[in-house]
Amino acid sequence: MNPLDYRQWPTTSKSIYGSIKLGPIPRPSSILITGMGGSGIVGDVLRDYLGGRIPIHVVKDLTVPDWVDASTLTIAISYSGNTSETICSSLRARERGSAVIGVTTGGIMASEFRRLGIQVVQVPTATAPRFGFPQLLYAALSIIDDAVGVNGKEVEESIAAQEEALRDVSLAEYVGEQLLGAVPYIFIDSRVQGVAVRFKNDLNENAKTPAIVAPIPEADHNDIVTLMMRHSVKHVLIKAGPNPVMEAVESVFADFSADPVKLELKGDGLLAKELYGITLLGMATLHMAEKLGVDPVRTDPIDLLKKRLGRLC
Ligand code: F6R
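What counts as what
Residues numbered from 1 in each chain as written. Predicted model: local features only at pLDDT ≥ 70, side-chain atom pairs only at ≥ 80, totals over all residues. Heavy atoms only, no water. Patch = residues over 30% accessible without salt bridge, like charges linked within 9 Å, V, L, I, M, F, W, Y side chains within 5 Å. Areas by Shrake-Rupley, 256 points an atom, 1.4 Å probe, with all protein chains shown as cover. Salt bridge = Lys/Arg side-chain N within 4 Å of Asp/Glu carboxyl O. Helix = DSSP H or I, 4+ residues; strand = E, 2+ residues; numbered from the N terminus. Contact = heavy atoms within 4.5 Å. Near = heavy atom within 4 Å. Polar contact = N/O pair within 3.5 Å; in protein donor to acceptor, adjacent residues only side chain to side chain. Nonpolar A, V, L, I, M, F, W, Y, C, P; charged D, E, K, R; others polar. Axes fitted to C-alpha atoms, helices over the stretch in contact; angles between N-to-C directions. Parallel < 35°, antiparallel > 145°, perpendicular 65-115°, else oblique. Left-handed = near helix turned anticlockwise from the far one by under 90°. Pairing = 2+ DSSP bridges.

In this structure, what is going on with a nonpolar patch on the surface? I would like to understand it.
A cluster of nonpolar side chains, Leu 62, Leu 305, Leu 309 and Leu 312, forms an exposed patch at the surface whose accessible area comes to about 320 Å². Considering the arrangement of structural elements, one finds Leu 305 in helix H11 (residues 300-309).

What am I meant to see in the environment of Val 121 here?
With respect to the helices and strands, the residue Val 121 is situated in strand E5 (residues 119-122). Sequence-wise, Val 121 and Ile 56 are 65 residues apart; in three dimensions their C-alpha atoms are separated by 20 Å. Not counting chain neighbours up to four residues away, the residues in contact with Val 121 comprise Ile 20, Leu 22, Ile 101, Gly 102, Val 103, Thr 104, Ala 139 and Ile 143.

Any chance you could explain the site of the ligand here in plain terms?
Lining the immediate environment of the ligand, one finds 13 residues, of which Ser 39, Ser 78, Ser 80, Thr 83 and Arg 130 sit closest. At 2.5 Å, a side-chain N or O of Ser 39 approaches an oxygen atom of the ligand. For the shell around the ligand, the secondary-structure elements that each account for two or more residues are helix H2 (37-50) and H11. The class makeup of the residues in the shell around the ligand is four nonpolar, six polar and three charged.

What exactly am I supposed to notice about the packing of helix H5 (residues 133-148) against helix H10 (residues 269-292) here?
Angle between the axes and distance between the axes are the two parameters that describe a pair of packed helices. Closest axis-to-axis distance for the H5/H10 pair is 13 Å, and the angle between their directions is 165 degrees. By the criterion of interaxial angle, the relationship of H5 to H10 is roughly antiparallel. Once H5 is placed against H10, the crossing between them reads as right-handed. Between H5 and H10, the residues in contact are Phe 133, Leu 137, Tyr 138 and Leu 141 and Leu 271, Leu 275 and Ile 278, respectively. Partitioned by chemical class, the residues of the contact of H5 with H10 number seven nonpolar, no polar and no charged.

I'm lost on the environment of Leu 171 in this one. Help?
Relative to the helices and strands, Leu 171 resides in helix H7 (residues 169-179). Taking the C-alpha atoms as reference points, Leu 171 and Leu 292, 121 residues apart in sequence, are found 18 Å from one another. If sequence neighbours within four positions are ignored, Leu 171 has contacts with Leu 263, Tyr 276 and Leu 280.

Could you clarify how one ought to interpret the sheet that holds strand E4 (residues 99-104) in this entry?
Hydrogen bonds along the backbone pair up the strands of a sheet, which may run parallel or antiparallel. Strand order across the open sheet formed by five strands is E2-E1-E3-E4-E5, with parallel pairing between neighbours. The open sheet has two edge strands with one neighbour each: strand E2 (56-59) and E5. Direction aside, the axes of adjacent strands within the sheet are offset by 20 degrees on average. Of the strand pairs in this sheet, strand E3 (residues 72-78) and E4 are connected by six bridges, and their pairing is parallel. Following the sheet pairing, Ile 77 is matched in E4 by Val 103. Across the sheet, H2 lies against strand E1 (30-34), E2 and E3, angled at about 160 degrees from E2, the strand it touches most.

This is a description of form; function is not addressed.
What follows is the structure, given as structure tokens:
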């Protein structure tokens, strides 16, 4: 396992959060977060965390919904700054009157946005976009804090939760071992579903392993039926504190003799639980990569596809 980047996550998170200086942002009535893959996951996490307080819409596409207007704040996240979908959708949001702020390490986004007078938050680089998650997430959180306010204590707890996950390295390795050679079927409490999306992406990219995400309660109405047959999947059950629905699901798993890998997310509050899960499960996928003998950093098909697609707008 090469946990180097993960060990730096708490320090990076602390140094980014609050250090970002922006010009005035009009108070929005909704937030649109656009980004793909390792950048777009920031939107999933922020929707889980803040979606109950303010409408947060996540775009992983070239365009934006027709309701986007001057009352929407658009946060465009692209680690490289060169992802066409993110550039196109954010420019589309700008055409619709939305204030746009870019979060990137550089690339086309930094140069083109600056040329257009769009604010850009430039963050430090990492080994690959997904390992730059803390700088992207805490930069976006700082922007949202400026726009609508964020609970500082919850942000601190989320950094403490990363430290907690880094101490749980043997648990991470255990989870990784259980999933080797299988297709992980990830059942998760929907309040923290960003963790499962990120875990799937890390399984894909770090461990070159396919995975399925099944948020509960929706999965109670479809995915759960697959327990009636023995498929070559390995079930994972991710819990986020007391939830009678999750307990019922666990008991049905037992009745159908499914033996899932269970993980209870540690941490006070939703954001802390997300950061605990994302850090721990990311390390699990690095452990899998090592055991499978694959390079966790390389993502050749993504690179090839991006080259073939070129600029899409
Ligand atoms: C993650 C990764 C991809 C990229 C995605 C978007 O490490 O390599 O999921 O995050 O292709 O690219 P960026 O993040 O540069 O906008």
